[in-house]
6 protein chains.
Amino acid sequence: MKRPSGRVADQLRPIRITRNYTKHAEGSVLVEFGDTKVICTVSVENGVPRFLKGQGQGWLTAEYGMLPRATGDRNQREASRGKQGGRTLEIQRLIGRSLRAALDMSKLGDITLYVDCDVIQADGGTRTASITGAMVALVDALKIIKKRGGLKGGDPIKQMIAAVSVGMYQGVPVLDLDYPEDSAAETDLNVVMTSSGGFIEVQGTAEGAPFQPEELNAMLALAQKGMNEIFALQQAALAD
Amino acid sequence: MKRPSGRVADQLRPIRITRNYTKHAEGSVLVEFGDTKVICTVSVENGVPRFLKGQGQGWLTAEYGMLPRATGDRNQREASRGKQGGRTLEIQRLIGRSLRAALDMSKLGDITLYVDCDVIQADGGTRTASITGAMVALVDALKIIKKRGGLKGGDPIKQMIAAVSVGMYQGVPVLDLDYPEDSAAETDLNVVMTSSGGFIEVQGTAEGAPFQPEELNAMLALAQKGMNEIFALQQAALAD
Amino acid sequence: MKRPSGRVADQLRPIRITRNYTKHAEGSVLVEFGDTKVICTVSVENGVPRFLKGQGQGWLTAEYGMLPRATGDRNQREASRGKQGGRTLEIQRLIGRSLRAALDMSKLGDITLYVDCDVIQADGGTRTASITGAMVALVDALKIIKKRGGLKGGDPIKQMIAAVSVGMYQGVPVLDLDYPEDSAAETDLNVVMTSSGGFIEVQGTAEGAPFQPEELNAMLALAQKGMNEIFALQQAALAD
Amino acid sequence: MKRPSGRVADQLRPIRITRNYTKHAEGSVLVEFGDTKVICTVSVENGVPRFLKGQGQGWLTAEYGMLPRATGDRNQREASRGKQGGRTLEIQRLIGRSLRAALDMSKLGDITLYVDCDVIQADGGTRTASITGAMVALVDALKIIKKRGGLKGGDPIKQMIAAVSVGMYQGVPVLDLDYPEDSAAETDLNVVMTSSGGFIEVQGTAEGAPFQPEELNAMLALAQKGMNEIFALQQAALAD
Amino acid sequence: MKRPSGRVADQLRPIRITRNYTKHAEGSVLVEFGDTKVICTVSVENGVPRFLKGQGQGWLTAEYGMLPRATGDRNQREASRGKQGGRTLEIQRLIGRSLRAALDMSKLGDITLYVDCDVIQADGGTRTASITGAMVALVDALKIIKKRGGLKGGDPIKQMIAAVSVGMYQGVPVLDLDYPEDSAAETDLNVVMTSSGGFIEVQGTAEGAPFQPEELNAMLALAQKGMNEIFALQQAALAD
Amino acid sequence: MKRPSGRVADQLRPIRITRNYTKHAEGSVLVEFGDTKVICTVSVENGVPRFLKGQGQGWLTAEYGMLPRATGDRNQREASRGKQGGRTLEIQRLIGRSLRAALDMSKLGDITLYVDCDVIQADGGTRTASITGAMVALVDALKIIKKRGGLKGGDPIKQMIAAVSVGMYQGVPVLDLDYPEDSAAETDLNVVMTSSGGFIEVQGTAEGAPFQPEELNAMLALAQKGMNEIFALQQAALAD
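All residue numbers here refer to positions counted from 1 along the written sequence of the relevant chain. Chains and ligands are labelled by the order in which they are written, letters from A for the one and numbers from 1 for the other. Local features in this predicted model are restricted to residues of pLDDT 70 or higher, and side-chain atom pairs are both shown and tallied only at a pLDDT of 80 or more, whereas totals for entire chains, interfaces and linings draw on every residue. Here the side-chain values reflect all heavy atoms present in the structure, with hydrogen atoms and water set aside.

**Overview of helix H2 (residues 86–100) of chain F**
Residue and element names in this part refer to chain F. Our working rule: The numbering of helices and of strands both runs from the N terminus, where a helix is a DSSP run of H or I of at least 4 residues and a strand a run of E of at least 2. Take the residue count of a helix, subtract one, and multiply by 1.5 Å to get its expected span. Relative accessibility under 20% of the residue-type maximum defines a buried residue, over 50% an exposed one, and the middle range a partly exposed one, all with a 1.4 Å probe and only protein chains included.
Along its 15 residues, H2 runs 21 Å from first to last C-alpha, staying within 8% of the 21 Å computed at 1.5 Å per residue. The element H2 is extensively covered by neighbouring structure, given that 11 of its 15 residues are classed as buried. Gly86, Thr88, Leu89, Glu90, Ile91, Gln92, Leu94, Ile95, Gly96, Ser98 and Leu99 are the residues of H2 that are buried.

If you want it as structure tokens, here you go:
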């Protein structure tokens, strides 16, 4: 088995996390997993959605988009089509759930955090890159909110989270699939974890043949290995 | 730990699969997992979507809906809201992918199968009940298509598939969550499998605390145990 | 003239009204006019629409839907099309107006009743079956609301209402058209009445040749005959 | 009983039918029933809807709209709301069905007629005025189509049709309700007829108390009386 | 160069402004620039949009529409398409901005003025006719609001505004383009001015070759000449 | 008068044009006018819109978007709102018209060029930056199309175009407004020109007081001065 990129099976793509990428948002990160590039911003608004009113807690919601030509073929712009596709909604629900798992909502106060992940170039793994980058933007945004006098209840971050994809490619478990691998993989597994090794989300899909329990275990082990490196990269970015 | 329903941890709800439930569809099944009731129909139309034209294969697509008062509180009708919600799209994408994994598309010929799963009463596990029931409706629909002179290329069914949910409830892995469990579970894991024991989909979400690798393994084992019973129920229903 | 079903001209199809069909709704009825099957639920919500605020009266509104494969050919799901069709809106407006005629809104109090009529199998006459079944579900729902301590102003039901279709088929007035008759009838007339013999709605349409005043009278007489039987069936169902 | 307008019970409002009201359309009529003013145009396009392809017949379809301030209070513009309301769809379906009853579609050839009825001032009876005016515009449009070399199969007009509303107002049957009557009437009945006295549509709605069979008969007789006058006005307009 | 209409280069079409054209609106004008006919109404509602709440000022907003057969070929009705096109939105934004320039919002009080411009017949220049006619309807509406006891802060009209189009047609600057000129012009320039000679909007578009600074100046001079005549016509209409 | 940025009245912001900014598109440019940053891509698809079929010419169309947090306050994502706003449609129509003026469509052949301008950071002048950057991306895209064997009819570029904004700020004409100036300017004028000094579009709006003819002339002169510099920057970028 030879990976299209020449990487070995358990090798991540070069990952870069650039903070303060745009100037207006409370948190703004450009995250790159190889050629996959996503702008992750975190914005703060007062108030919470109606279903949370008066419950003494904040909220976080996420939206995801791709520039029409982020991909090899141009996709119709969702704003002009008049609706977001199922894939988009599925991904933004995943990002939102994952980042909410990082927070103690009762410490946020009466605010809503909007996470926007916009893919400017896609080469596989946009949802896992989005989660990984948005976590860093979230840390930055909370620092700013605190500086402005918010977050009186203490630090709302319970745990760092990040995400990576793994898959079965030509019968071998591989880490961090790029687009050529992703489109040919037998199985695609997205894993969201905490820095202490717990799972937040595990989403595996057999694209061709079913995957066996031992393959699942091998992929999960590979994911854990990659996550350790990614958490170190997040920390390094935040230490700058 | 005591389950709200009084079931033991590895006990399924009573499952009933009623074939030929409505009269027009090529396949029509009422599937009941306890109080969860879903009408699954399979319809046949000539032709395939544009992206498959001329490739000598058929297609299967799925749609999912809930009657507005299938649930404890009434939900706004999606047709009157003017769009399907993210949860609906996510579930119908899952149903479609899962059932496509049962078929050899090249043997379908130039037809599209429409799977409609409509929940008339919800009590947890509607997506897994939908997949399980729709698989039976699919078998029936293919028999009718063959009787009408279609499916010249042989039987398109590669494998039976079914689905079940498992979860961590009060620290214990439990099988086939009903609504009271689902809304209180720490982790919710939906598993789609083949009758020969492979995984088609594994979707686990930590609702509260992260889940640990050993919990994941315990839940997967429980799912496998339940799936064996469900596959037997599918076979029994088809043998009638 | 021979009716496709073998019925005589003034004969209704077998009508069945099953109460408490689903478990969550305040009122829930499965109504069957032969092979036409509709789930009718009545749900209660606090508050009234904006245009009624502060006027000391309640409201009732209705929605209608068909499962995509309730019919011989599959119809596109309205939720996925993004809008309800003209036929759907026309029918749900008719159901709402008809049921409002059964109620004294000033006795409802500050609540809104949502009537949902969902056709799970269609064989002609879905709108008249919906009205007939929903009336029974409405009676049940009001009993529950009263039991919960609502309806302090007395019983809001002014009169029972029900509906039936009649038509000119091969030159003869016939009662309760099924689909084969409906699609071939020269005239289709839907009649909503009160149990004391008044008209709430009369909607007649010439599909081919115009209908003459004496034909209209013959059809109306037939409708009145059928309505007497239907009101008896409603009472019997409510007496169970 | 005194009508708000001072008219006697069986008196129509002044009706004016102005042909060639706008210059582009094949048929263009301004129809006025008192203060109700509707522009009715008929446009011709080649081809027929998909469901009629290859059947050797033409089609007619209708659309209805109201300028936002055609009424006493401004209504939100449907184009800006993003959808047509149920009332609009119901009316345009009625107009389309009614005018199709005037035509032998097999003589139209492979064309579609678009009827647009746009209310510029509303004072009750907009749907019946629309049908009455559009019938005249239809005659004009067919003359133009014939002049251009179409309609080789002979005159497609089978019969003239027109419409009027009647109702029970303060216990008395009255003809051609204006807005003050319409909003206070116990019963509102719209009648579409042919010039030879047949019914095309009869749509009666009890707004308050149910209406009795003898009231229905009285209203229908009144409608027939009014229709005779309206057919004469149509003929006079066409004779100019 | 010969204009299709036979007009000389600096000649306006016959312009007619008919006040009180429909009866319900506070201001209602039919404006005709030759064969271009637009109904302009101004409606008043209490309250202001959310972004202006509590700022002690009123608001004016405009909407624009065309009857489907106002033009040579029928356009699809925007209400039935489910959205307003880009051209419509662009024009109604222009009308709104232009009329707001006529008003001192702080003198309006807590009301919103809705301007509706609906084209019943189009022959070029519908946006400039709309602005010109709506200004007159605005004056009338404000008189009514004052009569009803509003506008306590004094007259909100700061200046009269009106609009006209100019263009380069066959190399010559011409005033007030009709449709045959508009569709063939090299440059189309819409100008909105105040009666004291200032510019509110200048929107010029090269349809073919770029236009040169001296051509722009010639067109602007022509516009100013035409505007003087139009302001006089507005005054004459208001003096009736 | 002191500009917020400290620039002198006729001074542009630093402008940077980065070619090949993303890897998939035929043309891809990041254009920066100070803190305004826009990704402009040009994509090629076979075929032309229906209204151009069989006319032997190609087409170019443009779409414009802003990341939700490109601005100081977060804007709702248009894809999630379900429609593009009027401002967006107005801008993308302007971009499309402007770039079409650069091309001889008859030399494009049977292809459509999609121009996507996505603002990742906004600080005033996003539409003029978009046009300026997209022109460079268009040149690059055409080179690629030619290399692939297209454009047999010769170079379709007739002329380079670019755009800049000017305005009246505190009574003084200034070049290239940034956001603080734009939101306070009395007049805002966007100018699209050709490199040979002709106008393609001139769009001026009085935000407060009307602007006078001599102010318009002063602003246009300033625009011409700025355009010369911008055309030089385009050439330099293309020469790299």
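What follows continues from the structure just given.
**Brief notes about the interface of chain F and chain E**
Threshold: Any pair of residues with heavy atoms lying within 4.5 Å of one another is described as a contacting pair. Buried area, as used here, totals the accessible surface that two parts lose on assembly, with accessibility defined by a 1.4 Å probe and the loss added over both. Criterion for a salt bridge: a side-chain nitrogen of Lys or Arg within 4 Å of a carboxyl oxygen of Asp or Glu. Polar contacts, as used here, are pairs of N or O atoms within 3.5 Å; protein pairs need one atom able to donate a hydrogen and one able to accept it. Residues neighboring in sequence count only if both atoms are side-chain atoms. Each residue gets one label: Ala, Val, Leu, Ile, Met, Phe, Trp, Tyr, Cys and Pro are nonpolar, Asp, Glu, Lys and Arg are charged, and the others, such as Gly, are polar. Paired strands are those between which DSSP finds at least two bridges.
The interface is formed by 26 residues belonging to chain F together with 26 residues belonging to chain E. Counting each side, the surface lost to burial between chain F and chain E is near 2,300 Å², with a carbon and sulfur contribution of 54%. Notably, a salt bridge pairs F:Glu90 with E:Arg93, separated by 2.7 Å at the nearest N-O pair. Applying the counting rule to chain F against chain E returns 10 residue pairs in polar contact (both at pLDDT 80 or more). Sorting the residues of the side of chain F that touches chain E by element identifies H2, strand E9 (199–206) and helix H5 (213–239) of chain F as the ones contributing at least two each. By residue number, the principal contributor to the side of chain F that touches chain E is E9(F), which donates 8 residues. Tallied by class, the residues present in the side of chain F that touches chain E amount to 10 nonpolar, 11 polar and 5 charged. Two strands pair when backbone bridges link them, and strand E9 (residues 199–206) of chain E and E9(F) are joined in this way by 5 bridges, in the antiparallel orientation.

**What to know about the pattern of salt bridges**
Side chains that differ in charge, positive against negative, can pair when their charged atoms come close. Going through the model one piece at a time under the given rule, you end up with 132 salt bridges over all chains. A salt bridge links B:Asp140 to B:Lys143, with the nearest nitrogen and oxygen atoms 3.5 Å apart. Residue B:Asp140 and its partner B:Lys143 are located together in helix H3 (residues 126–147), separated by 3 residues, close to a single helical turn. For D:Asp35, the salt bridge identified is with E:Lys23, shortest N-O distance 2.8 Å. Highlighted residues: D:Asp35 in the loop between strand E2 (27–33) and strand E3 (36–46) and E:Lys23 in the loop between strand E1 (15–19) and strand E2 (27–33), drawn from two different chains. The class of D:Asp35 is partly exposed, set by a relative accessible area of 32%. Connected through shared salt-bridge partners, A:Arg3, A:Arg7, A:Arg13, A:Asp123, A:Asp176, A:Asp178 and A:Glu181 make up one network.

**Quick look at the relation of the copies chain A and chain F**
Inclusion rule: Least-squares superposition of the copies uses the C-alpha atoms of those residues scoring a pLDDT of at least 70 in each of them.
When chain A is fitted onto chain F, the two copies agree to an RMSD of 0.0 Å after a turn of 180 degrees and an axial shift of 0.0 Å. Seen this way, the second copy is the image of the first under a two-fold rotation axis. For chain A, the smallest separation between a C-alpha atom and the rotation axis is recorded for A:Ala79, amounting to 1.8 Å.

**A few points about the UniProt feature "domain: Exoribonuclease phosphorolytic" (unreviewed entry) in chain A**
All names here are of chain A. The following threshold applies: UniProt positions are given in the numbering used here, feature names are shortened, and annotations may be inferred rather than shown by experiment.
Under the UniProt annotation, the feature "domain: Exoribonuclease phosphorolytic" (unreviewed entry) is placed at residues 11–141 and 160–226. The span residues 11–141 shows a helical share of 27% and a strand share of 32%, and its end C-alpha atoms are spaced 31 Å apart. Along residues 160–226 the backbone is 27% helical and 43% strand, and the end-to-end C-alpha distance reaches 15 Å.

**Some words on the relation of the copies chain F and chain E**
Between chain F and chain E, the superposition needs a rotation of 180 degrees and an axial shift of 0.0 Å, giving an RMSD of 0.0 Å. Of the residues that chain F buries at the interface, 100% are likewise interface residues in chain E, meaning the two copies contact each other through the same surface.

**Re the interface of chain A and chain F**
It is common to report an interface's size as the accessible area lost on association of the parts. Contact residues are listed per partner, giving 38 residues for chain A and 38 residues for chain F. Summed over both partners, the interface of chain A with chain F comes to about 3,000 Å²; 46% of that surface belongs to carbon and sulfur atoms. Among the residues chain A hides against chain F, the three largest losses belong to A:His24, A:Arg69 and A:Arg74. Together they make up 24% of the total. If you look at where chain A meets chain F, you find 14 salt bridges. Where chain A packs against chain F, one counts 27 residue pairs in polar contact (both at pLDDT 80 or more). Of the residues contributing to the side of chain A that touches chain F, the split by class is 14 nonpolar, 11 polar and 13 charged.

**Regarding the packing of aromatic side chains**
Two aromatic rings are characterised by how far apart their centres lie and by the angle between their planes. Residues and elements named next belong to chain D. Rules: Here is the rule: rings of Phe, Tyr and Trp (six-membered ring for Trp) pair when centre to centre is within 6.5 Å. Planes less than 30 degrees apart are stacked, more than 60 are edge-to-face, and the remainder are tilted.
For the structure shown, the criterion picks out 12 aromatic pairs over all chains. With centroids separated by 5.4 Å and ring planes inclined at 85 degrees, the aromatic side chains of Phe51 and Trp59 adopt a geometry described as edge-to-face. Given the relative accessible area of 53%, Phe51 is considered exposed. On the basis of relative accessibility, which here comes to 19%, the residue Trp59 falls in the buried class.

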